Amino acid sequence: MDLTLNVWRQNGPEDKGHMETYPVSGVSPDMSFLEMMDMLNDQIIRDGGDPVAFDHDCREGICGMCSMFINGEAHGPGRGVTTCQLHMRSFKDGDSITIEPWRASAFPVVKDLAVDRSAFDRIIQSGGYISVNTSGETLDANAIPVPKPQADEAFSAATCIGCGACVASCKNASAMLFVSAKVSQFALLPQGQPERASRVKRMVDQMDEEGFGNCTNTGACAVECPKGIDLSNIARMNRDFLKASADSE
Amino acid sequence: MSNNGLLKSSLAKKYLMALTGLFLCTFLVGHLAGNLQLFIQGAEGQQAFNEYAEFMTTFPLVKLLSYLTYACVLFHIVDGIVLTIRNRKSRPVGYVKEKGSANASWASRNMGVLGTIIAVFLVSHMQTFWYKMHFGEMPMHDGLKDLHTVVLAFFSPENSLGIVAVLGYVLAQMALAFHLVHGFQSGFQSLGLRHPKYTPAIEKTGYLFGIGVPLLFAIIPVFLYITQL
C-alpha cells in the first residue's frame, strides 16, 4: 500500500507545532498502525530527519500507552481497539491519513504525538485505591462474598486502561468516563465501601483541578473507548457524588 | 474530606443544568396545553383562550410557578454559558481533522447552538405576547384582555410579516425538538438516574416528548395562518 501521512510535528511543549506530510510506500495491510509508524520513522531516520515521537509499550492492547487521533477519531476508525490493534487493512491503498496527538489542556503535548497524561495519575492518587492493612493479618479478597453480577460489572469498569481516548474524543475534553470507571470499580465491591464517599469527592475535585471539561452526555467517549466502558459508570459517579456531597459536613 | 464545596464542582453545574432543563420540560407541557385551545375556532375558542390567559397571568399559584420558570430559564442559560466557556478552555488547541459524527449525534454536539436559537426565539416570542399581555396596550373582549385576537392577527396573512412569523416559529420549534431529544434523557443521566430497567423507557419518552411537543407547538401557527387565508 502507498499512503500519504499528515502528521503533527511539535518540537517540545513550547513549540507551536505544524502538520507535515510524508509519503510512505510498501505498507503491508497486515501491519499494525504502530508498525507502519515504525516504518515511517525508519524512513525519516534514513533521510537524516528527526523521527516522530509517539507513545507505545505493550503493543497488545492492554497497557493504554498508544494514543494518536487518526483521521478524526481516537485510536482510528476501529471500534474496541487501541492504535496498536488497528491494522493497515482498515485503510485503502492511496489513502491520506491525518495523525494528531490527543488534544486537551490537561494533556499537554510533550513532543509530536506524545502527550503528558499524568493528570490521570494524579486523579488515581487522589482516591483511586482502597486502604488495606497489610501488616500480616490481611484478609484474602476471595474470602469476601461478592455477587456475580456486581463482580462482573466491577471488572468491566476495571478494564479501563487509562489511555485517554475518552478525553480525546469528547468535544469538551472531559475525563468523566475514565474517572467514573475508576470510581465504579470500587463502588461496586464491598472492599470499596468504607472510602466510597470520600473517594468520589476527591477524584471529581482532582478531575476539575486538572482542567478537564464537563460531560454533555454525547456518548462519544464510550463509542471510542477501546475497552467498551459504559456510560452507566458516569451515571453512578454522578449519583455517588451527589450523595457524598449531601452527606458530608 | 474535600476542600471544594458542592457548588464549585463541575458536577453541580450539570445537576443545575439537568434540574432546570427538566423543570422547563414540565413548563412546556403546561404552555402547550393552553395553546392547544387555539384549535377551537370562533367565539367559543376566543373566550376559552382569553379566560386561560387571564388565569395564567393572575392566579397566585401560577404566578409563583412563573417566577420559578423565569429563574430556571435564566439559570439554564447562564449555567450553559459558564459550562461552554469552561469546555472551550479544556481544549485550547483543536484538531485539524475531527469526525464528530462518527461517535455522537448532531444534537448532542450542538446543544449550545440550539439553545441560542431557542433563546433568541424566546426574546422575540415574549416581546410579541408576554410583554404585551403584561405591560402593553391590549384590545378588550367581554371584560378580558383579548390575547386570542392578538395571536390570530400576528399569525395572519393580513400581517405583512405573518408568513415570516410562522416560519420563524416553526424553525425555532425544530431547534427545540433537537434540543429536547438530547436534553431530556441527558438530564436524567446527569442526575445519575440511570438503570438498565428504566433507561430505555426514559430514552423513548425523551424521543417522543422531544418530537411531539415541538411538533404540536409548530402546527398551531401554521393552522392559524391557513384558516385565515
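Small disclaimer: the values here were computed from a predicted structure and weren't measured.

(A) The arrangement of a nonpolar patch on the surface in detail. Residues and elements named next belong to chain B. A cluster of nonpolar side chains, F55, M56, F59, L61 and L64, forms an exposed patch at the surface whose accessible area comes to about 490 Å². Put simply, the parts of the chain that give the nonpolar patch at least two residues each are helix 2 (42-58) and helix 3 (60-89). With respect to the helices and strands, the residue F55 is situated in helix 2. For F55, a relative accessible area of 39% corresponds to the partly exposed category.

(B) Spatial organisation of the interface of chain B and chain A. Chain B puts 36 residues into the contact, and the matching count from chain A is 55 residues. Here chain B packs against chain A, burying approximately 3,800 Å² in sum over the two surfaces, 50% of which is carbon and sulfur. Across the chain B-chain A interface, the total number found is one salt bridge. The salt bridge partner of B:K99 is A:E73, with a shortest N-O separation of 3.8 Å. The interface formed by chain B and chain A includes 31 residue pairs in polar contact (both at pLDDT 80 or more).

(C) Layout of the packing of aromatic side chains. Here the structure, examined in full by the defined rule, presents 21 aromatic pairs over all chains. Seen in terms of ring centroids, B:W130 and B:F135 are 5.7 Å apart; in terms of plane orientation they differ by 75°. Their pairing is edge-to-face. Through a chain of ring-to-ring contacts, three or more aromatic side chains come together here, namely B:Y67, B:Y70, B:W130, B:Y131 and B:F135. In this structure, A:R103 is placed above the aromatic ring of A:W8, and the distance from its NZ or CZ to the ring centre is 4.3 Å.

(D) Representation of unusual backbone geometry. Residue and element names in this part refer to chain A. Even without a glycine there, the phi angle at D112 is positive, about 45°. Assessed through its relative accessible area of 2%, D112 is described here as buried. Phi angles above zero are rare outside glycine, and A173 is one such case at about 50°. Along the chain, A173 turns up in the loop between helix 4 (165-169) and helix 5 (176-187). By relative accessible area, which is 0% here, A173 ends up buried.

(E) Broad picture of the nonpolar core. Residues A:V167, A:V179, A:F212 and B:L147 are the most contacted members of the largest nonpolar core, which totals 80 residues. The element that contributes the greatest number of residues to this core is helix 7 (residues 162-190) of chain B, accounting for nine residues. Two domains share this core, each providing at least three of its residues, namely domain 1 (3-111) and domain 2 (118-247) of chain A. Residues in contact with A:V167, not counting those within four places in the same chain, are A:A104, A:F107, A:F120, A:A173, A:S174, A:A175, A:F212 and B:R91. The next biggest cluster of nonpolar side chains, apart from the first, holds 27 residues, and it includes A:V7, A:W8, A:M37 and A:F54.

(F) Expanded view of the domain arrangement of chain A. Residues and elements named next belong to chain A. What the domain assignment reports for chain A is domain 1 (3-111) and domain 2 (118-247). Each partner contributes to the interface: domain 1 provides 20 residues, whereas domain 2 provides 19 residues. Linking domain 1 with domain 2 are one salt bridge, by the criterion used here. For the pair domain 1 and domain 2, the interface holds three residue pairs in polar contact (both at pLDDT 80 or more).

(G) Just the pattern of salt bridges, in detail. All names here are of chain A. For the coordinates displayed, the defined rule picks out 16 salt bridges over all chains. Here R79 ties to E224 by a salt bridge, and the two come within 3.2 Å at their closest N and O atoms. One end of the pair, R79, is in the loop between strand 4 (73-74) and strand 5 (96-100); the other, E224, is in helix 7 (residues 220-224), and 145 residues separate them in sequence. For R79, a relative accessible area of 40% gives the class partly exposed. For E224, a relative accessible area of 2% corresponds to the buried category. One salt bridge in this structure joins K111 and D112, with 3.7 Å as the shortest N-O distance. With a relative accessible area of 23%, K111 lands in the partly exposed category. Several salt bridges converge on common partners, so that one network encompasses R9, D50, K111 and D112.

Reading guide: rules and limits
- Residues numbered from 1 in each chain as written.
- Chains lettered and ligands numbered in written order.
- Predicted model: local features only at pLDDT ≥ 70, side-chain atom pairs only at ≥ 80, totals over all residues.
- Heavy atoms only, no water.
- Patch = residues over 30% accessible without salt bridge, like charges linked within 9 Å, V, L, I, M, F, W, Y side chains within 5 Å.
- Areas by Shrake-Rupley, 256 points an atom, 1.4 Å probe, with all protein chains shown as cover.
- Salt bridge = Lys/Arg side-chain N within 4 Å of Asp/Glu carboxyl O.
- Helix = DSSP H or I, 4+ residues; strand = E, 2+ residues; numbered from the N terminus.
- Buried < 20%, exposed > 50% of the residue type's maximum accessible area, 1.4 Å probe, protein only.
- Contact = heavy atoms within 4.5 Å.
- Buried area = accessible area lost by both parts, 1.4 Å probe.
- Polar contact = N/O pair within 3.5 Å; in protein donor to acceptor, adjacent residues only side chain to side chain.
- Phe/Tyr/Trp six-rings, centres within 6.5 Å; stacked < 30°, edge-to-face > 60°.
- Lys NZ or Arg CZ within 6 Å of the ring centre and 35° of its normal.
- Core = buried A, V, L, I, M, F, W, Y, C linked by side-chain atoms within 4.5 Å.
- Domains from an automatic or database assignment.

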